[in-house]
Amino acid sequence: IGTSYCGYQVQPNGVTVQQRLNEAAKDLFGYDCDIVGCSRTDSGVHANEFYVAVSKKGEGFIETSIPIEKIPQAMSVRLPNDISVLSASMVDDSFHPRYDVRYKEYVYQIWNGRARNPFLFDRSWHCPKPIDDEALERMQIAARCFIGKKDFSAFMSEGSDTEDTVREIYSLTVERSGDF
């Protein structure tokens, strides 16, 4: 998801990933679809393995003669180069990608090289000042404070209508791998 989009969810202020998926599905199936994602993402955020459920708008199951294993390729040729559909499967009508997932994994990267890496420009934070072992250890200690069930309302955007702000963090690690 990321660089070219104003997040996942359709909104009036710019192009979103959900908008592009809706356009591709309408072109492929010939009718409007409801596409529900597993979560929201902010503008500029990239997502790997972002799951969605697609249904015929207002009616439920998709009606198509396209074999399920061909839908990823058929969708991908209708999408911009920075969005790809990797797989498709049938799910029960009650399945909801946001509420039925078991967990989500987030990866935040710091590029700790002296010089910027242009290939990581929009995929990591560049910190040219060396992060020494002592600072890394302090980050690891702080990370452990987030593990468990916590109320994250302090992290919400102002004016958000989200009421369920408790999340459970199962693990959080801070580790070095080369300049990452």
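Going by the structure above, here's the rest.
For the structure given in this document, a descriptive report is provided here. (Residues numbered from 1 in each chain as written. Predicted model: local features only at pLDDT ≥ 70, side-chain atom pairs only at ≥ 80, totals over all residues. Heavy atoms only, no water.)

On to the overall build of the protein chain. When its secondary structure is counted, the protein chain shows three helices and six strands. Each helix (α) and strand (β) of the protein chain, taken in turn from the N terminus, gives the series α-β-β-α-β-β-α-β-β. For the protein chain, the spread of C-alpha atoms along the three principal axes comes to 60 × 35 × 30 Å. In the protein chain, 46% of the contacts between residues at least 6 apart in sequence involve partners at least 24 apart. Of the roughly 13,500 Å² of accessible surface on the protein chain, a fraction of 51% belongs to carbon and sulfur atoms. Looking at the protein chain, you have 20 positive and 27 negative side-chain charges, and the mean spots of the two groups are 4 Å apart. (Helix = DSSP H or I, 4+ residues; strand = E, 2+ residues; numbered from the N terminus. Contact = heavy atoms within 4.5 Å. Areas by Shrake-Rupley, 256 points an atom, 1.4 Å probe, with all protein chains shown as cover. Lys, Arg positive; Asp, Glu negative; His and termini not counted. Charge placed at Lys NZ, Arg CZ, Asp CG, Glu CD.)

Next up on the list: unusual backbone geometry. The phi torsion at Glu49 lies on the positive side, around 55 degrees, for a residue other than glycine. Owing to a relative accessible area of 60%, Glu49 belongs among the exposed residues under this scheme. (Buried < 20%, exposed > 50% of the residue type's maximum accessible area, 1.4 Å probe, protein only.)

The subject of this paragraph is the side chain of Lys56. Its place among the elements puts Lys56 in strand S2 (residues 52-56). Here the side chain of Lys56 touches Glu63 through a polar contact of 3.4 Å, side chain to side chain. (Polar contact = N/O pair within 3.5 Å; in protein donor to acceptor, adjacent residues only side chain to side chain.)

On the surface, Phe146, Ile147, Phe155 and Leu172 cluster together into a nonpolar patch covering about 370 Å² of accessible area. Along the chain, Ile147 falls in the loop between helix H3 (133-144) and strand S5 (148-151). (Patch = residues over 30% accessible without salt bridge, like charges linked within 9 Å, V, L, I, M, F, W, Y side chains within 5 Å. Salt bridge = Lys/Arg side-chain N within 4 Å of Asp/Glu carboxyl O.)

Look at helix H1 (residues 17-29): 18 Å from first C-alpha to last across 13 residues, which is about the 18 Å you get at 1.5 Å a residue. All buried positions along H1 are accounted for by Val17, Gln18, Leu21, Ala24, Ala25, Leu28 and Phe29. Buried residues of H1, viewed axially, fall in a sector of 125 degrees; they line one side. Buried residues along H1 sit against strand S1 (33-37), S2 and helix H2 (71-76). Regarding H1, its N-cap is Thr16, as a side-chain oxygen of that residue lies 3.2 Å from the backbone nitrogen of Gln19 further along. (Expected span 1.5 Å × (residues − 1). Arc of directions from axis to C-beta.)

Below, the discussion takes up H3. Between the first and last C-alpha of H3 there are 17 Å, a value that for twelve residues agrees with the 16 Å anticipated at 1.5 Å per step. Residues of H3 that are buried: Ala135, Leu136 and Ala143. Around the axis of H3, the buried residues are gathered within 100 degrees of arc, so they sit on the same side. Exposed positions of H3 whose direction lies more than 90 degrees from the buried face are Asp133, Glu134 and Arg144.

Read these as spatial facts, not as claims about activity.
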